[in-house]
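Structural description and commentary
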Amino acid sequence: KDCTSYLKNLIGLVQPDVVIVCQDFPYAVTTYYNLGIDWSRRKFCVITPIDGFPIEKDWLNLTDEADAVMNISDFGVEAMRKSGRKTHLCPPGIDPKVFRPATPEEKKELRTRAQIPEDAFVLGMMAMNQGRKAIPHTLDGFAEFAKDKPNALLYLDMDKVGIAGFNIPHLMEDKGIAPNKVLFREDIVPRGLAELRDRYCLLDAHSVLSHREGFGLPLIESQACRIPSISQNWCSGEEICGNGQGYLVDRIPQPRSSTWGGAWDFDPSVEHFVTILNSIYNNPIGTQAIAQRGYEYALTRTWDKCADAVEQVLLK
């Protein structure tokens, strides 16, 4: 309530010609319908993810009312089209000056700082510890993959216990994963790796197998560091990791309705995930080629191009 009052007062004070809500759809719905603002006197624009299908009816209704709506993935634009609405693409990106590959010498030095053996195979996951990120499936896949690979490590750049997520140490214990096989952000950052880019460069592969995903910025950040990315073949994962730019994990073909607008959640195939990890582990030349294609793709997705897309919509 206080936030709503603050926003209403701020708009009344500034008297903007255009209001842009850059957040999930429910925030835009609240802004448009609950502030008591006369929108005939100013333009209303929404920049938002669509991380599943079908799309909540209230969100579609707001699309009809807004002056412009932008979605952050091709998947989102197409999902809106299938729902009878036209939206524009606001393509998130990376800053190539920040997210960039490490030389072999730098990678060795970073691993030394992180106290990771030079010959370790490190699978990483950069994400929030929350339910839709498919963390249990990632743990299951890693556990199976690591059975015959003593040098395998899992790095989770997230909180060990998430308010809206999992108690990961308890999950590890239930799944028989030894504590020394998994590193967390709180282990690595104090060792002199406060920069996210440096932590990406510790990895041999990166995966986020979300049940649904609006875009998946960590996937493209990983690609920009020339680390091969793995996504579930659903939502925006296909456009980021498809076309030989990364690896796509099959989804189990039985969806369930999520608590987020009724969109479908899919589970990734743990068996296929393990197959992909083994391919990355056993075929370094092929993996390097895919990592290079992912890197070249990431360089086409910059924040400057994102800003240009927003500018074009605002000028119409």
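Residues numbered from 1 in each chain as written. Predicted model: local features only at pLDDT ≥ 70, side-chain atom pairs only at ≥ 80, totals over all residues. Heavy atoms only, no water.

Checked against the element boundaries, S229 lands in strand β9 (residues 229–232). You can call S229 buried: its relative accessible area is 0%. Within the structure, the side chain of S229 is placed 3.5 Å from the side chain of H206, a separation counted as a polar contact. Only 3.3 Å separates the side chain of S229 from the side chain of S222, close enough to count as a polar contact. For S229, the contacting residues outside a window of four places in its chain are H206, L219, S222, Q223, C241, G246 and Y247. (Helix = DSSP H or I, 4+ residues; strand = E, 2+ residues; numbered from the N terminus. Buried < 20%, exposed > 50% of the residue type's maximum accessible area, 1.4 Å probe, protein only. Polar contact = N/O pair within 3.5 Å; in protein donor to acceptor, adjacent residues only side chain to side chain. Contact = heavy atoms within 4.5 Å.)

When its volume is computed, the largest pocket comes out at roughly 850 Å³. Breaking the lining of the largest pocket down by element, the ones donating at least two residues are β2 (43–48), α10 (217–224) and α14 (303–315). Residue composition of the lining of the largest pocket, by class: 19 nonpolar, six polar and six charged. For the second largest pocket, the calculated volume is near 540 Å³. Together, 22 residues line the second largest pocket, and K107, L203, D204, I227 and Q288 are the ones closest to its centre. The set of elements that each furnish at least two residues to the lining of the second largest pocket consists of α5 (104–114), α12 (270–282) and α13 (284–298). Of the residues that constitute the lining of the second largest pocket, the class distribution is 14 nonpolar, two polar and six charged. (1 Å grid on protein atoms, 1.4 Å probe; cavity = no way out; pocket = protein on both sides within 12 Å on 5 of 7 lines; lining within 4 Å. Points joined across faces, edges and corners; volume = space filled by probe spheres on them. Nonpolar A, V, L, I, M, F, W, Y, C, P; charged D, E, K, R; others polar.)

With that out of the way, let us pick up helix α6 (residues 135–145). When you tally the buried positions in α6, you get eight out of 11 residues, the bulk of the element. Taken together, the buried positions of α6 are occupied by I135, P136, H137, T138, L139, G141, F142 and F145. Residues of α6 that are buried make contact with β5 (121–126), β6 (152–157), α7 (168–175), β8 (205–208) and α12.

Scanning the entire structure with this criterion turns up 13 aromatic pairs. Taking the centre distance of 5.0 Å and the plane angle of 55° together, the rings of Y32 and F44 count as tilted. Taken together, the residues Y32 in helix α2 (residues 25–34) and F44 in strand β2 connect sequence positions 12 residues apart. Here Y32 falls in the buried class, since its relative accessible area comes to 13%. In this structure an aromatic cluster arises from ring pairing among Y32, Y33, W39 and F44. Positioned above the aromatic ring of Y295 is the side chain of R226, whose terminal nitrogen or guanidinium carbon lies 4.3 Å from the ring centre. (Phe/Tyr/Trp six-rings, centres within 6.5 Å; stacked < 30°, edge-to-face > 60°. Lys NZ or Arg CZ within 6 Å of the ring centre and 35° of its normal.)

If you look at the biggest cluster of nonpolar residues, it comprises 69 residues, and the most contacted ones within it are I116, L139, L156, I168 and I230. Every residue in contact with L156, bar those within four places of it in the chain, is listed here: M125, L139, I168, V182, L183, F184 and R185. (Core = buried A, V, L, I, M, F, W, Y, C linked by side-chain atoms within 4.5 Å.)

We now examine the sheet that holds strand β7 (residues 182–184). Taking strand neighbours across the sheet as the criterion, the six strands line up as β7-β6-β5-β8-β9-β10 in an open arrangement whose pairing is parallel. Unpaired on one side and paired on the other, β7 and β10 (247–249) mark the two borders of the sheet. Direction aside, the axes of adjacent strands within the sheet are offset by 25° on average. Here β8 runs beside β9; their pairing, made up of three bridges, is parallel. Note on β9: the bridge partner recorded for S207 is I230. α10 rests against β5, β8 and β9 of the sheet, and its axis sits at about 160° to β9. (Pairing = 2+ DSSP bridges. Axes fitted to C-alpha atoms, helices over the stretch in contact; angles between N-to-C directions.)

Right, let's talk about the packing of α10 against α13 for a bit. Contact geometry of α10 with α13 gives a least axis separation of 7 Å together with a crossing angle of 110°. Judged by the inter-axis angle, α10 sits roughly perpendicular to α13. Crossing of α10 against α13: the hand is left-handed. Judged by residue contacts, I220, Q223 and A224 of α10 engage G294, Y295, Y297 and A298 from α13. When grouped by side-chain class, the residues that make up the contact of α10 with α13 number five nonpolar, two polar and no charged. (Parallel < 35°, antiparallel > 145°, perpendicular 65-115°, else oblique. Left-handed = near helix turned anticlockwise from the far one by under 90°.)

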